[in-house]
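Below, each chain spelled out in residue letters.
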Amino acid sequence: MQQPAINIYDTPEIASATLAGVMANLIRANNAENKPTVLGLATGSTPLALYRELIRLHEEGNLSFRKVVTFNLDEYIGLERGHPESYWTFMWDNLFSKIDILEANVNIPDGTLAPDDVEEYCETYERKILQAGGLDLQVLGIGRTGHIGFNEPGSVKDSPTRLVVLNEVTREDAAPTFGGSNNVPREAITMGCGTILRARKISLLAFGKKKAGIVRAAIHGEISDQVPASYLQKAPHTTFYLDREAASEL
Ligand code: F6R
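What counts, and at which threshold
- Residues numbered from 1 in each chain as written.
- Predicted model: local features only at pLDDT ≥ 70, side-chain atom pairs only at ≥ 80, totals over all residues.
- Heavy atoms only, no water.
- Near = heavy atom within 4 Å.
- Polar contact = N/O pair within 3.5 Å; in protein donor to acceptor, adjacent residues only side chain to side chain.
- Areas by Shrake-Rupley, 256 points an atom, 1.4 Å probe, with all protein chains shown as cover.
- Nonpolar A, V, L, I, M, F, W, Y, C, P; charged D, E, K, R; others polar.
- Helix = DSSP H or I, 4+ residues; strand = E, 2+ residues; numbered from the N terminus.
- Expected span 1.5 Å × (residues − 1).
- Buried < 20%, exposed > 50% of the residue type's maximum accessible area, 1.4 Å probe, protein only.
- Contact = heavy atoms within 4.5 Å.
- Axes fitted to C-alpha atoms, helices over the stretch in contact; angles between N-to-C directions.
- Parallel < 35°, antiparallel > 145°, perpendicular 65-115°, else oblique.
- Left-handed = near helix turned anticlockwise from the far one by under 90°.
- Pairing = 2+ DSSP bridges.
- Core = buried A, V, L, I, M, F, W, Y, C linked by side-chain atoms within 4.5 Å.
- Salt bridge = Lys/Arg side-chain N within 4 Å of Asp/Glu carboxyl O.

(A) View of the site of the ligand. Around the ligand, the surrounding shell holds 13 residues, and the nearest of these are Thr46, Asp74, His147, Gly149 and Lys211. Contact between the ligand and Thr43: an oxygen atom at 2.8 Å from a side-chain N or O atom of the residue. Taking Asp74, its side chain carries an N or O atom lying 2.5 Å from an oxygen atom of the ligand. Here the ligand loses 87% of its free accessible area of 410 Å² to cover by the protein chains. Its residues assigned to classes, the shell around the ligand comprises three nonpolar, eight polar and two charged.

Right under this line is the structure:
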């Protein structure tokens, strides 16, 4: 059976620039044919160098995002778009405000819905991805719990976009930026594992020593709902972009 590719780089910057190059080639090829490129995007510290490199390529002048459509993985429940820790703010600050993407082509789950409206909203989010032609490339990070998106342990392989309860480890990891774990939302909307696995290409970035154990579990451990990233073992269209530290336990 074909396996995911595992690429190991000397630094996070080199890994990120390599993935940025892959994404730029995809976007340019689609632009040349006047076709949209549909990207699934992640937040967090891991993709920051990737987004810096995409901005640099745009500023160099030969990478336009005007035909790019994006779907973000997740958003915290209870945060307005303008909240400093919302993923809406993160994406506009770190990428979208610095490239020529059209706001109408940006999709980030809405964390401010009334509880009764969430299920229908999530179904609509899935439908919008399909109507856009499906995800050409999904960017992922990995949480210390083995989550992809906010699919925490217990998430089944074909799970759809939905409301989830965040794992306490994930909330602890977010505590510093929220000024304490009490301020971290308890719930989020996340694209499901099924949604992610349907992307035509999956690119998972992981950097640093603190990810080494979970990277090992994801790549060599048992395929189990206890480590949702382990589902990628059966997704040969996945490439892991690791730095030496994150790959140190492989
Ligand atoms: C973010 C997301 C998460 C993060 C993961 C790693 O949209 O869905 O799965 O990718 O928690 O976060 P960092 O990069 O901050 O270590």
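(B) Quick peek at helix α2 (residues 48-60). Compared with the 18 Å implied by 1.5 Å per residue over 13 residues, the 18 Å span of α2 between its first and last C-alpha is a close match. Listing the buried residues of α2 in full gives Ala49, Leu50, Tyr51, Glu53, Leu54, Ile55, Leu57 and His58. Its buried side turned inward, α2 meets α1 (12-32), β2 (37-41), α3 (87-94), β6 (137-140) and β9 (202-206). Count one or two residues on from α2 and you reach Gly61, which has phi positive near 110°.

(C) Expanded view of the packing of α1 against α2. Their axes nearest at 8 Å, the elements α1 and α2 cross at an angle of 50°. As summarised for this structure, α1 and α2 are arranged oblique, according to the angle between their axes. Seen from above, α1 lies across α2 with right-handed handedness. Along its contact with α1, which presents Ser16, Ala17, Leu19, Ala20, Met23 and Ala24, the element α2 presents Ala49, Leu50, Glu53, Leu54 and Leu57. When the residues that make up the contact of α1 with α2 are grouped by side-chain class, the tally is nine nonpolar, one polar and one charged.

(D) Region of interest: the sheet that holds strand β5 (residues 106-107). With respect to topology, seven strands assemble into an open sheet ordered β1-β10-β9-β6-β2-β3-β5, the strand pairing being parallel. The sheet terminates laterally at β1 (5-9) and β5, the two strands that pair on one side only. Summarising the sheet, β2 and β6 pair through two bridges and their orientation is parallel. Across the sheet, the residue bridging to Gly40 is Gln138, located in β6. Strands in contact with helix α4 (residues 118-131) are β3 (68-72) and β5; relative to β3, the strand with the most contacts, it is inclined by about 150°.

(E) Quick peek at the nonpolar core. By size, the foremost hydrophobic cluster in this structure holds 43 residues, and its most contacted members are Met23, Leu41, Leu50, Leu54, Leu95 and Phe96. Elements with a minimum of two residues in this core: α1, β2, α2, α3, β6 and α5 (168-178). At six residues, the largest contribution of residues to this core is made by α1. One finds Leu135, Ile196, Leu232 and Phe240 within the second-largest nonpolar core, a separate group that totals 32 residues.

(F) Broad picture of the pattern of salt bridges. In this structure the tally under the stated criterion is eight salt bridges. With a closest N to O distance of 2.9 Å, Glu53 and Arg56 form a salt bridge. Of this pair, Glu53 and Arg56 are both found in helix α2, three residues apart, which corresponds to roughly one turn of the helix. The residue Glu126 makes a salt bridge to Arg198 at a minimum N-O spacing of 3.2 Å. Taken together, the residues span a long stretch of sequence, with Glu126 in helix α4 and Arg198 in the loop between α6 (193-197) and β9 at a distance of 72 residues. Here the salt bridges share partners, and the residues they tie into one network are Glu53, Arg56 and Glu60.

(G) Spatial organisation of the environment of Arg244. Of note, Arg244 is situated in the segment after β10 (238-243). Given a relative accessible area of 52%, Arg244 falls into the exposed group. Through-space distance from the C-alpha of Arg244 to that of Ala114 is 44 Å; in sequence the pair is 130 residues apart. With sequence-adjacent residues up to four places away left out, Arg244 is seen in contact with Ile8, Tyr9 and Asp10. In terms of polar contacts, Arg244 uses its side chain to reach the side chain of Asp10, at 2.6 Å.

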